[in-house]
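# Close look at the chain arrangement
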Amino acid sequence: MAVVEQISSPYPDHIDTIPKLFWHRVEQWGNQVAMREKEYGLWNEITWEHYGQRAKQVALALDSMGLAAGDVVTIMSENNPEWLYCDMGIQAAGGVSAGIYPTDSFQQAAYILSHCESKFHFVEDEEQLDKALEIRDGLPDLLKIIVLDMEGLRDFSDAMVMSFDALLEQGEETDRQNPDRFETLRRRAQPDDTALLIYTSGTTGPPKGAMISHRSPLMTGAINRQVWPMSSADEVLCFLPLCHIAERSVSALGPLHDGYVINFAESLETVPENIREISPTLFFAVPRFWEKFYSTLMLTLKESTRFEQLAFRWAMSVGHKVSDYKLNFQKPPALLRALFTLLDWTVLRNVKKGLGLDRARMCISGAAPISPDLLKWYHALNIDMREVYGQTESGGGTTMHRKGAVKFGTVGPPLPGMEVKIADDGEILIKGPLVFKGYLKDPEKTAETIRDDWLYTGDVGRMDEDGHLVITDRKKDIIITSGGKNITPSEIENQLKFSPYITDAVVVGDGRKYLTALIMIDDENIMKYAQDNRIPFTTYASLTKAPEVLALIEKEVEDVNKTVARVETIKKFHLIDILLTTDDEEITPTGKLKRTFVNKKFKDVIDSMY
Amino acid sequence: MPLLRVSNIESYYGPVLAIKGVSLEIDEGAIITILGANGAGKTTILRTISGVLDPEKGTIEFMGQKINGLAPNRIVSLGISHVPEGREVFDDLTVRENLMMGAYLRNDRIGIREDLETMYGYFPILRQRTSQLAANMSGGEQQMLTIARALMSRPKLLLLDEPSLGLSPLLMQEIFQIIRRINTEQKTTILLVEQNARMALSLAHYGYVLETGRIVMADTCKALRENEDIKEFYLGVKEDSIRGARRWKRKKKWR
């Protein structure tokens, strides 16, 4: 096994918690831009000083209203600067910060609020307030609900509800009366205290609250510096839910180390425009976004002139050749490199500009497996695209591709300080300073997950000869057909998703004679296909039933079938006929189909395929 | 075979793609409604069917014959009559002259006279105002006049664009009753575009919901009336929140 590099916090000893690091940065970077928010069409800048001031007011107000060290405070909002003010404020008051997905129903929110005994609950607006009011009777620990955006609530008053502005004022007032309070308060948290509580969407059973200490996010500073050095000149677009460990690491914690600028996307729908406006230098997204970019580009290409198509194809074929060399850790021949540089300047740069990725020094895909073909395609486009592997329980990233050493089909070597080993049954085990503390109020699950300091990930994989980790699948997702063959569905699913017409797929076949698939079509692209080929349709459902669309998907499935072993071929498939959104239980907040849910919900359909 | 079959039509207003691929079918004798917010593309669909606009893509078949690309007057003579939005009467003509304009393409004098009587039967007020200038009539009377004028070409399919717009509730009721009678008595097939979703859904048999140029729902009006999204976004039925007042809207799902 490879020698594990020891890693230590890059900060002096007195900076050992997130609040301490945060205020160190506020003092250091005062006038620098910390984030930008688009309002009425303008990107407004927010400095570190302002960020610090707001967080301080939140901390003091919560303290004055009775927040004790270790109390949990919840935030239920879309991403915005206030989210981060609250996050930092809560931790500065010695509290534990927990995000709840704004798409969660009030029942789901009720579970989390009562499970973590939340004392204060920040809600984005009227809609989230209504959910909170609906459930507050069952929440004896809840002291206050704070509303970030009071629009439409002017005439509403309730003893338990206060506006964010009122909270800030109260913080201000506390500071006037007791100017020394804050200095002691922000030193209250200890390195091993829980800083973040991250609820993981349990595919079975209720969500579990993963406790992350102050210590581990501080360590990532040292890791980042080695693997993806950033600076205050870097720009990041924040659009995935901050409740998720990935976006939290990138947008809330990352800037504390490197001071890069966070730009809040207006909404998920506007991400393509926002990327073009910001042209981020680091772009982190889930595979679903990378797939979407790819398919949009491929379809735009169909509409472009013949010359443009030829030029693009040529550039990409050269790009693929270059990446083939890189894949084998070889330097491409000088002539090929020169040609690629030329084509990059003349052809690919424009394409990347159209995507908003022309300044991107590095792109990262994570939170779900991405198809190696897609990864390779981005490299052929001369985009430094890397995959990161990790989970909430491992404090975010565990392994990651390194610069110039991206091996397709692997998720790269372990990050510095992280140890990875494969158990006898193939399960991936992780040890290192980033591993979480355990699940809140669930010692049983915790003991199951962390054994002898090793985190049992539930993923199955292997280490290749170069020390890069290869993920096979989730342990419990592995399909054993009635013929006794072990099949890893995610590999096949990823190939299916590579089609511009398929957004997501779930392969089924456990205990069955053959494999089938439930497929979610890409509505935009399929509608376009239908229009171009004069296939009449009315609604989304009718689109999924059109014989021509079925034939199109069948061809895509056939193409995938050709590349896999015979037992791995998809014999039948069904197109999901409702347009699922992240509001639906079948989809995770990062846009993946939930296997267990889908299996249950479409049981009849699945049964009918056998 | 449906009376009208619209397949994959796309129409532009200048550079703006107003309908992005719409397909629908209308069976003979039915009342079909298209619901949708302002700017969804409802009127554009009607204008494309009646030939005022040519679709960029797609086909329109009427009684099995392709009609897109034909001049509007040819389409009228085939049996499609369009009642445009906004009560567009010929101001300087009398009521009777207006009605006769509707029969412009016909030359069966007896038939025309009979139809004129039928129209006066449906809309008695038009008989009273027969020689009055259309400009001097009230909004409701003008609306009746445009409907009657359209029927004077003895259409098989009547395209009705917002007939209730700007009318008093009572008058609206009256117009809708007449539309229903025309459908049952004259066997005229009707394609109704309407902002008043409650009225439209109670009158029509089948409905399409149009959002930004695309059909997002299609079902019988009975089913549409029961749909949660239709209730909230078109019928204004809202479950009150715990505060007693809810301003925010949930996301549309259309299923």
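### Here we look at the overall build of chain A
What chain A contains, in helices and strands, is 21 helices and 26 strands. Computed over C-alpha atoms, the radius of gyration of chain A comes to 25 Å, within 12% of the 25 Å expected from 2.2 N^0.38 for 610 residues, which places it in the range of a compact globule. Taken over the C-alpha atoms alone, chain A extends approximately 70 × 60 × 55 Å along its principal axes. With 610 residues in all, chain A has 50% of them scored as buried.

### Quick look at the confidence of the model for chain B
In this model, chain B carries a mean pLDDT of 91, and residues with pLDDT of at least 70 account for 100%. ipTM for the predicted complex: 0.80, alongside a pTM of 0.87.

### Describing the interface of chain B and chain A
Between chain B and chain A, the residue contacts involve 20 residues of the former and 18 residues of the latter. For the side of chain B that touches chain A, the secondary-structure elements that each account for two or more residues are strand E1 (4–13), strand E2 (16–26) and strand E10 (214–220) of chain B. Per element, the largest residue contribution to the side of chain B that touches chain A is four residues, and it comes from E10(B). Across the side of chain B that touches chain A, the residue classes break down as eight nonpolar, five polar and seven charged.

### Regarding the environment of Leu167(B)
Residue and element names in this part refer to chain B. Mapped onto the secondary structure, Leu167 falls in the loop between strand E7 (157–161) and helix H7 (169–186). Between the alpha carbons of Leu167 and Gly213 there is a distance of 27 Å; along the sequence they are 46 residues apart. With residues near it in sequence (within four places) discarded, Leu167 still touches Gly139, Gly140, Gln143, Met172 and Ile175.

### Things to note about the pairing of strand E3 (residues 31–36) of chain B
Residue and element names in this part refer to chain B. Of all the six residues making up E3, six are buried; the element is thus mostly covered by neighbouring parts of the structure. Taking every second residue as pointing to the same face, both faces of E3 are buried, with Ile31, Thr33 and Leu35 on one and Ile32, Ile34 and Gly36 on the other. Inspection of the sheet shows E3 paired to strand E8 (residues 189–193) by four bridges, in the parallel sense. By the bridge assignment, Ile32 is partnered in E8 with Leu191. Strand direction decides the pairing type here: E3 and strand E9 (residues 206–211), joined by five bridges, are parallel. Directly across from Ile34, in E9, lies its bridge partner Tyr208.

### Section: unusual backbone geometry
Excluding glycine, a negative phi dihedral is what most residues carry, and trans is how most peptide bonds are arranged. Positive phi values are uncommon outside glycine, yet Arg534(A) reaches one of about 50°. Examined against the element boundaries, Arg534(A) turns out to sit in the loop between helix H17 (523–532) and helix H18 (540–545).

### Points about the sheet that holds strand E4 (residues 57–62) of chain B
In spatial order, the strands read E2-E1-E4-E5 (chain B); together these four strands make up an open sheet with antiparallel pairing. Two strands bound the open sheet, and with one partner strand each, they are E2 and strand E5 (65–66) of chain B. In terms of strand pairing, E1(B) meets E4(B) through five bridges, oriented antiparallel. Paired with Ser7(B) across the bridge in E4(B) is Thr59(B). Strand contacts of H17(A): E1, E2 and E4 of chain B, with the helix running at about 70° to E2(B), the strand carrying the most contacts.

### Observations concerning the environment of Ile428(A)
Residues and elements named next belong to chain A. Among the structural elements, Ile428 can be located in strand E17 (residues 427–431). Residues Ile428 and Gly458, 30 residues apart in the sequence, show an inter-C-alpha distance of 7.0 Å. Apart from the residues within four sequence positions on either side, Ile428 is in contact with Val420, Ile422, Thr457, Asp459, Val460 and Gly461.

### Quick notes on the sheet that holds strand E7 (residues 161–163) of chain A
Residues and elements named next belong to chain A. With mixed pairing, the eight strands of this open sheet are ordered in space as E7-E6-E5-E3-E4-E8-E9-E18. Each edge of the sheet is formed by a strand with only one pairing partner; in this case those strands are E7 and strand E18 (438–439). Those strands touched by helix H5 (residues 126–135) are strand E3 (72–76), strand E5 (120–123), strand E6 (144–147) and E7, and its axis lies near 150° from that of E5.

### Describing helix H3 (residues 95–102) of chain B
Residue and element names in this part refer to chain B. Of all the positions in H3, only Val95, Asn98, Leu99 and Gly102 are classed as buried. Buried residues of H3, viewed axially, fall in a sector of 95°; they line one side. Residues of H3 that are buried in the fold lie against helix H4 (109–122), helix H5 (124–128) and helix H6 (139–151).

### A look at helix H9 (residues 245–258) of chain A
All names here are of chain A. The end-to-end C-alpha distance of H9 is 18 Å, a good match for the 20 Å that 14 residues give at a rise of 1.5 Å each. A bend of about 30° at Ala252 is the largest found in H9, and the proline Pro255 appears one to four places after it. With its phi angle positive at about 70°, Gly259 sits one or two positions after the end of H9.

### Overview of the nonpolar core
Of all hydrophobic cores here, the largest spans 140 residues; its most connected members are Val58(A), Ala59(A), Leu62(A), Leu197(A) and Cys363(A). In terms of residue count, the dominant contributor to this core is helix H2 (residues 48–64) of chain A (eight residues). Apart from residues lying up to four places away in sequence, Leu197(A) is in contact with Val72(A), Val96(A), Ala98(A), Cys116(A), Gly209(A), Met211(A) and Leu440(A). In terms of nonpolar packing, the next biggest core, distinct from the first, is built from 71 residues, Ile49(B), Ile60(B), Leu159(B) and Cys221(B) among them.

### Some words on the pairing of strand E9 (residues 208–213) of chain A
Residue and element names in this part refer to chain A. Buried residues dominate E9, accounting for six of its six residues. The two faces of E9 match: Lys208, Ala210 and Ile212 on one face and Gly209, Met211 and Ser213 on the other face are all buried. Pairing of strand E8 (residues 194–200) with E9, which is carried by six bridges, proceeds in the antiparallel orientation. In the sheet register, Leu196 faces E9, and the bridge partner there is Ile212. The pairing of E9 with E18 spans two bridges and is antiparallel. Among the inter-strand pairings, Met211 is bridged to a residue of E18, identified as Gly438.

Conventions adopted
Residues numbered from 1 in each chain as written. Chains lettered and ligands numbered in written order. Predicted model: local features only at pLDDT ≥ 70, side-chain atom pairs only at ≥ 80, totals over all residues. Helix = DSSP H or I, 4+ residues; strand = E, 2+ residues; numbered from the N terminus. Rg over C-alpha atoms; globule rule 2.2 N^0.38 Å. Buried ≥ 20, exposed ≤ 12 C-beta atoms within 10 Å, placed from the backbone. pLDDT = per-residue confidence, 0-100. Contact = placed C-beta atoms within 7 Å. Nonpolar A, V, L, I, M, F, W, Y, C, P; charged D, E, K, R; others polar. Pairing = 2+ DSSP bridges. Axes fitted to C-alpha atoms, helices over the stretch in contact; angles between N-to-C directions. Arc of directions from axis to C-beta. Expected span 1.5 Å × (residues − 1). Bend = angle between axes of the 7 residues up to and from the residue. Core = buried A, V, L, I, M, F, W, Y, C linked by C-beta atoms within 7 Å.

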